[in-house]
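Commentary on secondary and tertiary structure
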Amino acid sequence: MSDPNRDLEKKLINYLENKQYDRLQFEIEMMGDIETQENSLLVFYYASSIFFKENSNQNELIFASNLLEKVYKKQNNHLKSLYNMIAISLKTRVFKDVMVLAEKEYKKNEKDTMLIDGLARINLYLANHNEGIKYFKSLFKILPEQLNGRLPFISSLNYANDISQEQYLKECLEYIDVLEKKNQPEKDIFKATNQDNRKVRLSFLSADFKSHSVSHFLKDLLKKIDRSNFEIVLISNLKIADNDDVSEELKKLSDQWYDIEHYDDTNLVTFLRSLNLEILIDLSGFTIGNRFEAICKRCATTQILWLGYNNTLGSKNIDYIISDKNLIKENEVSFYKEKILYMPKIWNALSPPDKLPDIEKNLNNSKFTFCSFNNFFKITEKTIEVWSKILTQTNSNLLLKDSLNGGKELQLNVVNKFLKYGVKSERVVFLDKEKEIYDHLKLYNKADAALDTFPYPGVTTSYEAVLMGLPVLTMKGFNMNSRCGESINKNLGMNHLIADDYEDYVKKAIILAKDKNLKENYGNNLRNKALSSPLFDTDKFTKDFENILKQVCNKK
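One structure accompanies this document, and this report is about it. Because the structure is a prediction, the values reported are computed rather than measured. (Residues numbered from 1 in each chain as written. Predicted model: local features only at pLDDT ≥ 70, side-chain atom pairs only at ≥ 80, totals over all residues. Heavy atoms only, no water.)

**Some remarks on the packing of aromatic side chains**
Formally: Any pair of Phe, Tyr and Trp rings, taking the six-membered ring for Trp, is counted once the centres come within 6.5 Å. Such a pair is stacked with planes under 30 degrees apart, edge-to-face with planes over 60 apart, and tilted for the rest. Numbering of helices and strands starts at the N terminus; helices are DSSP runs of H or I of at least 4 residues and strands are runs of E of at least 2.
Under the counting rule described, the total for this entry stands at 26 aromatic pairs. Geometrically, the ring pair formed by Phe373 and Tyr444 is tilted, given 4.7 Å between the ring centres and 55 degrees between the ring planes. Here Phe373 is found in the loop between strand E8 (368-372) and helix H15 (381-393), whereas its partner Tyr444 is found in the loop between helix H17 (437-442) and strand E11 (449-451), with 71 residues between them in sequence. Centroid distance Phe454 to Tyr505: 5.2 Å. Interplanar angle 65 degrees. Geometry classified as edge-to-face.

And the structure:
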């Protein structure tokens, strides 16, 4: 005799597997109000269908999470419900309740890999980098052959204050080893097509061909590169629905544009190889939307990493990384798997907006005001500790603005860390994100000086700050990623704003706060200096970029 509950579960699972979410929900709703439904099995699958449905909105997802929490508690800590709650929280960015439940369950079973993975990702999202890294290391100790989670883990190491470049590279190589065991690269042979006597097919691969920093840095290069020598191919891993005005502008600047988000890795490799690309420049590295597992099989004659990710990827099939002498020292090249292509001045250059706001005196005249408009993921515990010393030793406020809209819980987590170091919440002011770049730049007029994050410094925000006349205080780094602020200030001739260590950073910030003539000394003088510097000289940068690519082609 069949079990009615088992038969019902099979039916519901079949609906989920076939993505018949509306039908599943309809049939369950016909059995009564879901919020008063006594059958936990029905509630679980109803809530899960909301989660799996791609177009579920924020309120629907939170409703589903609340249903799952009821099932979890009613069914004696039903772990499948908790796992789905964790997955939903990463979509809604609402972590408070689920994090408490997950940590409680983790204490009962520290080998539960689903809980470990979830806690790792939640902590990384909340910029609790040390905690996130700890959980991921625990996960890979239990599952050394697991690939899922490796890229967010490795990428998170760029935010950690106590991770050396040698340790970072070690984790990259361990990931590559696991990946190659899966992919068996010795069986995958790449054959380049003879492409003599024509333009170089130069391609750029990214998931950020939209209103994004990567596109703003790339745009002038595409406009100014010599089209008699280069044919431009843009390969977009952005969802077509997410294309915007910048996407359309980039399409017009390319000779070919290909949308590849729908390809799995195997089919993407086949497709990219069919394009006969001489140079493929990856702009994503290990960031969200990357296609690393495809390009590390080799999809072009020469593969280069640049712009969107400033550290090694550890793969033998990424031939070069574009850097400058300020970022990677000659005695450090062994810590980068790629060969280093050194730009003469700076590793990237930005074209300023067509219209810049006037530089005004600090609009918060009552107090000296620091700002940092870097995304909140870069604001580490150590950064907050050092900034807190500055705030408590000066009569100043700090303006923050999350460029990625990380959500209220991420903002609250930042506030709580400042409170821990004795900084009152009213001294840390949060600004809303502005839609238009002109209005965004005007926000810099509310501040007197910018504080850079560390060990993951800002790039776009530093370019913006100096355009708006604000000096940027940065920290010396230890690898390519952590030295980006150094390179920017060195190319501006602002070496005095590069701190040697935490103590020196605080000391230099206090000097800035006490300078009554700061706006007069910097302000428009700094803007003019920046505009004539390598940071914004896209003509010279493009020529240097072309020369490097020609050298690479000749070596092949």
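**Some thoughts on the nonpolar core**
Just so we agree on the cut-off: Only buried residues count toward a nonpolar core. Its members are Ala, Val, Leu, Ile, Met, Phe, Trp, Tyr and Cys residues joined through side-chain atoms within 4.5 Å. Buried, partly exposed and exposed residues are distinguished by accessible area as a fraction of the type maximum, computed with a 1.4 Å probe on protein chains only: under 20%, between the cut-offs, and over 50%, respectively. In what follows, a contact means two residues having at least one pair of non-hydrogen atoms within 4.5 Å.
In terms of nonpolar packing, the biggest core is built from 185 residues, with Phe204 and Trp306 touching the most fellow members. No other element matches helix H3 (residues 40-52), which puts nine residues into this core. Residues contacting Phe204, with those up to four places away along its chain left out, are Phe209, Leu218, Leu221, Leu222, Ile232, Val233, Leu234, Ile235, Ile281, Leu283, Trp306 and Phe545.

**Quick word on the sheet that holds strand E9 (residues 396-400)**
Heads up, the condition is: DSSP calls a pair of strands paired once it identifies at least 2 bridges connecting them. Each axis is a line fitted through C-alpha atoms, taken for helices only over the stretch in contact, and angles between the N-to-C directions span 0 to 180 degrees.
Here six strands make up an open sheet; going across it, the order is E10-E9-E8-E11-E12-E13 and the pairing parallel. Sheet topology places strand E10 (428-430) and strand E13 (498-499) at the edges, where each strand pairs with a single neighbour. H15 contacts E8, E9, E10 and E11 of the sheet and is inclined by roughly 145 degrees relative to E9.

**Considerations on the packing of H3 against helix H5 (residues 79-92)**
What counts here: Angles are sorted into four bins: roughly parallel if under 35 degrees, roughly antiparallel if over 145, roughly perpendicular if 65 to 115, and oblique for all others. Crossings are classed by handedness, with left-handed meaning an anticlockwise turn of the near helix from the far one by less than a right angle and right-handed meaning a clockwise turn. Classification convention: Asp, Glu, Lys, Arg as charged; Ala, Val, Leu, Ile, Met, Phe, Trp, Tyr, Cys, Pro as nonpolar; all other residues, Gly among them, as polar.
The N-to-C vectors of H3 and H5 enclose an angle of 25 degrees; their axes lie 11 Å apart at closest approach. Considered as vectors, H3 and H5 are oriented roughly parallel to each other. Here H3 and H5 pass one another in a crossing that is left-handed. The segment H3 lies against H5, with Phe44, Ser48 and Phe51 engaging Lys80, Ser81, Asn84, Ala87, Ile88 and Lys91. Its residues placed into classes, the contact of H3 with H5 shows four nonpolar, three polar and two charged.

**Comments concerning the pattern of salt bridges**
Our working definition: By definition, a salt bridge exists where a carboxyl oxygen of Asp or Glu is found within 4 Å of a side-chain nitrogen of Lys or Arg.
Counted under the stated rule, the structure contains 29 salt bridges. When the shortest N-O distance is used, the salt bridge between Asp544 and Lys540 registers 2.8 Å. Placement of the pair is Asp544 and Lys540 together in helix H23 (residues 538-555), with a separation of four residues, close to one helical turn. A cluster of three or more residues bridged by salt bridges with shared partners is formed by Lys11, Arg23 and Glu27.

**Describing the pairing of strand E5 (residues 302-305)**
Where a strand is regular, its side chains alternate between the two sheet faces. Going residue by residue along E5, you find Thr302 and Ile304 tucked away on one face and Gln303 and Leu305 tucked away on the opposite face as well. In this sheet, E5 lies alongside strand E4 (residues 279-282) in parallel orientation, the contact comprising four bridges. Paired with Ile279 across the bridge in E5 is Thr302. Sheet topology note: the E5/strand E6 (residues 320-324) ladder contains two bridges and is parallel. Considered in E6, the bridge of Ile304 is made with Tyr320.

**Looking at unusual backbone geometry**
The linkage connecting Phe454 with the following residue, Pro455, adopts the cis geometry, with an omega of 5 degrees. With respect to the element layout, Pro455 can be found in the loop between E11 and helix H18 (460-467). Phi at Arg93 takes a positive value of approximately 65 degrees, unusual for a residue other than glycine. By relative accessible area, Arg93 is classed as partly exposed at 32%.

**With respect to the state of the cysteines**
Our working rule: The disulfide criterion used throughout: a pair of cysteine sulfur atoms within 2.5 Å.
Under the definition given, this model contains zero disulfides. Of all cysteine sulfurs in the structure, the one in Cys296 sits closest to Cys172, which takes part in no disulfide; the separation is 12 Å. Judged by its relative accessible area of 0%, Cys172 falls in the buried class. Free of any disulfide, Cys296 has its nearest neighbouring cysteine sulfur in Cys299, separated by 8.5 Å. The exposure class assigned to Cys296 is buried, which follows from its relative accessible area of 11%.

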